[in-house]
Amino acid sequence: MAGQGSTGNVIAALASFFVPGLGQLIQGRLFKAAIMFGLAVVLWFFLLGWLIHLWSILDAALWKPKTND
């Protein structure tokens, strides 16, 4: 994926819209995906899961892969 604004990031953000952390999983960031999904599940019991849900969407949309320049 090319980075912020790329088609891959849009797809990842849409995936995170439906399942928090799914976009990060698509981007290959397994640890971050697990953290976001776990936090969302726990916080939905306190009606605060929407915060993690939004964070997951924004993180997937704005992520830039590290370059080796």
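Predicted model only: the values in this text are computed from it and were never measured.

Caption draft 1: Just the pattern of salt bridges, in detail. Tallied over the entire structure, the rule returns two salt bridges. A salt bridge links Arg 29 to Asp 59; its shortest N-O distance comes to 2.8 Å. Note that Arg 29 is positioned in the loop between helix 2 (22–26) and helix 3 (30–44) and Asp 59 in helix 4 (residues 49–62), a separation of 30 residues in sequence. It is possible to trace a salt-bridge network through shared partners that takes in Arg 29, Lys 32 and Asp 59.

Caption draft 2: Just unusual backbone geometry, in detail. We note that Leu 47 has phi near 60°; this positive angle belongs to a residue other than glycine. Inspection of the secondary structure assignment puts Leu 47 in the loop between helix 3 and helix 4. Residue classification places Leu 47 among the exposed positions, given a relative accessible area of 63%.

Caption draft 3: The packing of helix 3 against helix 4, seen in detail. Helix 4 packs onto helix 3 with a crossing angle of 155° between their chain directions and a minimal axis gap of 7 Å. Classified by the angle between their axes, helix 3 and helix 4 sit roughly antiparallel to one another. The crossing of helix 3 and helix 4 is left-handed. When helix 3 is examined against helix 4, the residues Lys 32, Met 36, Leu 39, Ala 40, Leu 43 and Trp 44 are found in contact with a partner set consisting of Gly 49, Trp 50, Ile 52, His 53, Trp 55, Ser 56 and Asp 59. Partitioning the contact of helix 3 with helix 4 into residue classes produces eight nonpolar, three polar and two charged.

Caption draft 4: Focus on the side chain of Asp 59. The exposure class assigned to Asp 59 is buried, which follows from its relative accessible area of 15%. Looking at Asp 59, its side chain comes within polar contact range of the side chain of Lys 32, at 3.3 Å. With residues near it in sequence (within four places) discarded, Asp 59 still touches Gln 24, Arg 29, Lys 32 and Met 36.

About the cut-offs
- Chains are numbered independently. Their residues run from 1 in the order of the written sequence.
- Predicted model: local features are reported for residues with pLDDT of at least 70 only, side-chain atom pairs are reported and counted for 80 or more only, and whole-chain, interface and lining totals are derived from all residues.
- Water and hydrogen atoms play no part in the side-chain values, which are based on all heavy atoms of the structure.
- Salt bridge, as used here, is a side-chain nitrogen of Lys or Arg placed within 4 Å of a carboxyl oxygen of Asp or Glu.
- Strands here mean DSSP runs of E at least two residues long; helices mean DSSP runs of H or I at least four residues long; both are numbered from the N terminus.
- Relative accessibility decides the category of a residue: with a 1.4 Å probe and only protein chains considered, values under 20% of the type maximum give buried, values over 50% give exposed, and everything between is partly exposed.
- All axes here are fitted lines through C-alpha atoms, helices being fitted over the stretch that makes contact, and every angle between N-to-C directions spans 0 to 180 degrees.
- Just so you know how the angles are binned, under 35 degrees is roughly parallel, over 145 roughly antiparallel, 65 to 115 roughly perpendicular, and the rest oblique.
- Here a crossing is called left-handed whenever its near helix is offset anticlockwise from the far helix by less than a right angle, and right-handed whenever the offset is clockwise.
- Contacts are assigned to residue pairs that have any heavy atoms within 4.5 Å of one another.
- The residue classification treats Ala, Val, Leu, Ile, Met, Phe, Trp, Tyr, Cys and Pro as nonpolar and Asp, Glu, Lys and Arg as charged. All others, Gly included, are polar.
- In protein, a polar contact requires one atom able to donate a hydrogen and another able to accept it; more generally it is a pair of N or O atoms within 3.5 Å, and residues adjacent in sequence count only if both atoms are side-chain atoms.

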